[in-house]
Amino acid sequence: MNPTILPLDWLLGTWQSDEPGEGCFPTIKPFRYFETLQFSHVGQPVVNFSFNAFHADSKKPLHRECGFIRMQPGTNKVAFIVAQNSGLVEIEEGELTGQQLNLRSHAIARISFAKEPHVKEISRVFQLRADGKLEQRVSMATDTQPLMEHLRITYIRSS
Ligand code: HEM
């Protein structure tokens, strides 16, 4: 493993939601979902990832994200570069503290015909908890709503 990304080794592998994640936002009906996360590397100073979410009841594929995580060598500064199937691309940046990654959007762009409302800001936390579960929390601000929680989910490592 490239030494630059060693501090992120706790993320590597495949993670499956152990119980349904909870989605909410003031403008939508609360929903539940399952999600699989995969983090890997090929020896570069980069973590590759893909996230695939499914409807908790119908198992229908929903949200999908893929991208890369980089670290600034010699620092705890992290960049999270992601493309989403909704037509959104973003760069989040933040800091790694122990086994917790706190990220905030630094740049957001979207396809010209993206659905409204448009996302204005995103913050995201990944935390490896003491019970061995990985937790992800995502908050967003849109054209119409201030920054608040959209997603909360935990995963167990499946490989
Ligand atoms: C709705 C953004 C991840 C499921 C929305 C809306 C936005 C959004 C802007 C519309 C809110 C409104 O109408 O006011 C995002 C962003 C994500 C993300 C930026 C990642 C960073 C996910 C994930 C799921 C999900 C992982 C899992 C299933 C939904 C559902 C709705 C929704 C079911 C309501 C129905 C719909 O508008 O399609 N999301 N979302 N989202 N999101 Fe997400």
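Residues numbered from 1 in each chain as written. Predicted model: local features only at pLDDT ≥ 70, side-chain atom pairs only at ≥ 80, totals over all residues. Heavy atoms only, no water.

A.B. asks: Sorry if this is basic, but what is going on with the UniProt feature "domain: THAP4-like heme-binding" (unreviewed entry) in the protein chain here?
C.D. replies: UniProt tags residues 5-157 as "domain: THAP4-like heme-binding" (unreviewed entry). Helix makes up 0% of residues 5-157 and strand 63%. Its end C-alpha atoms lie 19 Å apart. (UniProt positions renumbered as here; feature names shortened; annotations may be inferred. Helix = DSSP H or I, 4+ residues; strand = E, 2+ residues; numbered from the N terminus.)

A.B. asks: For this particular structure, what's the right way to read the coordination of the iron atom of the ligand?
C.D. replies: In a perfect tetrahedron of four donors around a metal, the angles come out at 109.5 degrees. In a perfect octahedron of six, they are 90 or 180 degrees. Donor atoms from the protein around the iron atom of the ligand number only one, His150 (NE2), found at 2.2 Å. Assignment of secondary structure puts His150 in strand β11 (residues 148-157). (Donors = N, O, S within 2.8 Å, 3.2 Å for Na, K, Ca; no water.)

A.B. asks: Just to check I follow, could you spell out the nonpolar core for this structure?
C.D. replies: Proteins that are soluble and globular tend to have nonpolar side chains buried together. Counting 33 residues, the largest nonpolar core has Leu8, Phe39, Ile69 and Phe126 as the members making the most contacts within it. With sequence-adjacent residues up to four places away left out, Phe126 is seen in contact with Trp10, Leu37, Phe39, Phe51, Phe80, Gln99, Gln100, Leu101, Leu103, Glu135 and Gln136. (Core = buried A, V, L, I, M, F, W, Y, C linked by side-chain atoms within 4.5 Å. Buried < 20%, exposed > 50% of the residue type's maximum accessible area, 1.4 Å probe, protein only. Contact = heavy atoms within 4.5 Å.)

A.B. asks: I'm lost on the site of the ligand in this one. Help?
C.D. replies: Among the 21 residues in the neighbourhood of the ligand, the closest are listed as Thr27, Phe31, Pro117, Met140 and His150. His150 is positioned with one of its side-chain polar atoms (N or O) 3.0 Å from a nitrogen atom of the ligand. Mapped onto the shell around the ligand, the elements with two or more residues apiece are β3 (31-40), β5 (61-71), β9 (119-128), β10 (134-142) and β11. In terms of residue class, the shell around the ligand is built from 13 nonpolar, 4 polar and 4 charged. (Near = heavy atom within 4 Å. Polar contact = N/O pair within 3.5 Å; in protein donor to acceptor, adjacent residues only side chain to side chain. Nonpolar A, V, L, I, M, F, W, Y, C, P; charged D, E, K, R; others polar.)

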